[in-house]
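Architecture and fold: a report
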Amino acid sequence: YLKTERGTIIMKFSLIIGTLNRCAELEICLNSLRKQKFRVFEVIIVDQSTDDSTQQLVSKYQDLKIIYKHVEFRGLSKARNYALALAHGDYFALIDDDAYYEEQYLWEANRILSENGKMVLAGNIVPKEMLKNPKINSSKKKLEPMGYRQITRDCPSPALIFPYALYQEGISFDENFGVGAMFGACEETDLVLEALDHEYKMNYCANMLVVHPTMQHSFEVENSTKARKKENYARGLGALLEKDRVIRKNRRLRYYEMEKKCKILLKKSGLFGKEKKSLAIAELRGLNSGKKDFRKLLEKEI
């Protein structure tokens, strides 16, 4: 916390973590938060685990300001919306339980957000070994705006920070999207697109480093095959493309969609081997089913 001269308390960041039976990964994540140079944050943990192991782990981190809740429902977007209702920060960050911040992450984020206006901020996901790379850590790259193609491809949730004002305006996660929902991906991209439609800027900072070893959500089924994961993500993307076109009345992602389909069809041709062909078939199936089922969902709601 920070106290002003008048004694009021200010909370800068609310770090939202949804978790399900991932104690080992969560411990690494929480240890990284202990090392942050900027300490004006709270951690909101929404635990969907089947036992009390996570609660026992969290009890060891009394030096962090943690709001812990165990819930019975399932779904990543539901967990995040639940956490948003409990948050006190000026900004909320979507740190996954299997990701962790480099120690300057929040310090850099605070500097940028204090100097700039209304924006969503994306950090840089890097492999663990790159954290010690002098070239990355000495980088003085300026804040860079992100185009729609980059947003759709390069904005995984562990590297995203949103203004809490967005939630106060009535904008939250679409619970039809995200792991555990009808469309198992793209919930964070959907929120970014909503923010852009409400006149928020979208910027990227290469100096804000996040490690996400598995690049999979904490709610994802561990034994799922490559093809299943590929299809699941593509299904979320297909639904997102349809939502942006039908609900938000936008065609801004049409070039990205055309590029994506061309790459899938090229792999589906078999020129790059059997495995890539089978993954491309799964991806195309997911993309088409996502678009189709989102239209069905709309028909039911009408």
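Residues numbered from 1 in each chain as written. Predicted model: local features only at pLDDT ≥ 70, side-chain atom pairs only at ≥ 80, totals over all residues. Heavy atoms only, no water.

1. What about empty space enclosed by the protein?
Quick note on the threshold: Using a grid of 1 Å spacing that covers the protein atoms alone, one calls a set of points a cavity when a 1.4 Å probe fits there but cannot get out, and a pocket when the set is open and has protein on both sides within 12 Å along at least five of seven lines; lining residues are those with an atom within 4 Å of a point. Grid points are joined across faces, edges and corners, and a volume is the space filled by probe spheres set on the points. A run of H or I in DSSP counts as a helix once it spans at least four residues, and a run of E counts as a strand once it spans at least two, with each numbered from the N terminus.
Under the defined criterion, the tally for this structure stands at 1 cavity of 30 Å³ or more. Considering the residues around the largest cavity, the lining is formed by Leu241, Glu242, Asp244, Arg245, Asn250, Arg251, Leu253, Arg254, Glu257 and Lys291. Of all the secondary-structure elements, those providing two or more residues to the lining of the largest cavity are α9 (226–246) and α10 (254–268). Residue contributions to the lining of the largest cavity peak at 4 residues, all from α9.

2. Some points on the packing of aromatic side chains
What counts here: For Phe, Tyr and Trp, rings pair up if their centres lie within 6.5 Å, where Trp contributes its six-membered ring, and each pair is then called stacked (planes under 30 degrees apart), edge-to-face (over 60) or tilted (otherwise). A ring is considered to have a charge above it if a Lys NZ or an Arg CZ atom is located within 6 Å of its centre and within 35 degrees of its normal.
Evaluated as defined, the whole model comprises 10 aromatic pairs. An aromatic cluster is present here, built from Phe13, Phe38, Tyr91 and Trp107 joined pairwise through their rings. Here Arg80 stacks its cationic end above the ring of Phe173, 5.5 Å away from the centre of that ring. One Lys or Arg, Lys118, reaches over the ring of Tyr200 and ends 4.5 Å from the middle of that ring.

3. Notes on the pairing of strand β11 (residues 201–211)
As a reminder of what qualifies: Throughout, exposure labels follow a simple rule: accessible area from a 1.4 Å probe, protein chains only, divided by the maximum for the residue type, with under 20% read as buried, over 50% as exposed, and the rest as partly exposed. When DSSP finds two or more bridges between two strands, those strands count as paired.
Where burial is concerned, most of β11 is hidden: 10 out of the 11 residues are buried. As paired strands, strand β7 (residues 100–101) and β11 are joined by 2 bridges and run antiparallel to one another. Bridge pairing in β11 links Tyr101 to Val210. Of the strand pairs in this sheet, strand β8 (residues 119–126) and β11 are connected by 7 bridges, and their pairing is parallel. Pairing of Ile125 across the sheet is with Val210, part of β11. In the sheet, strand β9 (residues 144–145) pairs with β11 via 2 bridges, with the strands oriented antiparallel. Pairing of Pro145 across the sheet is with Asn203, part of β11.

4. Re unusual backbone geometry
Phi is positive for Asn21, close to 55°, though the residue is something other than glycine. As for its placement among the helices and strands, Asn21 is situated in the loop between β3 (13–19) and α1 (23–34). Even without being glycine, Cys186 reaches a positive phi, approximately 70°. Along the chain, Cys186 falls in the loop between α7 (164–168) and α8 (187–197).

5. A closer look at the pattern of salt bridges
The cut-off we apply is this: Think of a salt bridge as a Lys or Arg side-chain nitrogen and an Asp or Glu carboxyl oxygen that are within 4 Å of each other.
In total, this model carries 26 salt bridges according to the counting rule given. We note a salt bridge from Lys226 to Glu275, for which the minimum N-O separation is 3.4 Å. Here Lys226 is found in helix α9, whereas its partner Glu275 is found in helix α11 (residues 274–301), with 49 residues between them in sequence. You can call Lys226 exposed: its relative accessible area is 59%. Looking at Glu275, the relative accessible area reads 49%, which means it is partly exposed. Glu259 is the partner of Lys263 in a salt bridge, and the nearest nitrogen-oxygen pair spans 3.6 Å. In this pair, Lys263 and Glu259 both sit in helix α10, 4 residues apart, roughly one turn of the helix. A relative accessible area of 42% places Lys263 in the partly exposed class. Because the salt bridges share partners, they merge into one network encompassing Asp174, Asp190, Glu194, Asp197, Lys243, Asp244, Arg248 and Arg252.

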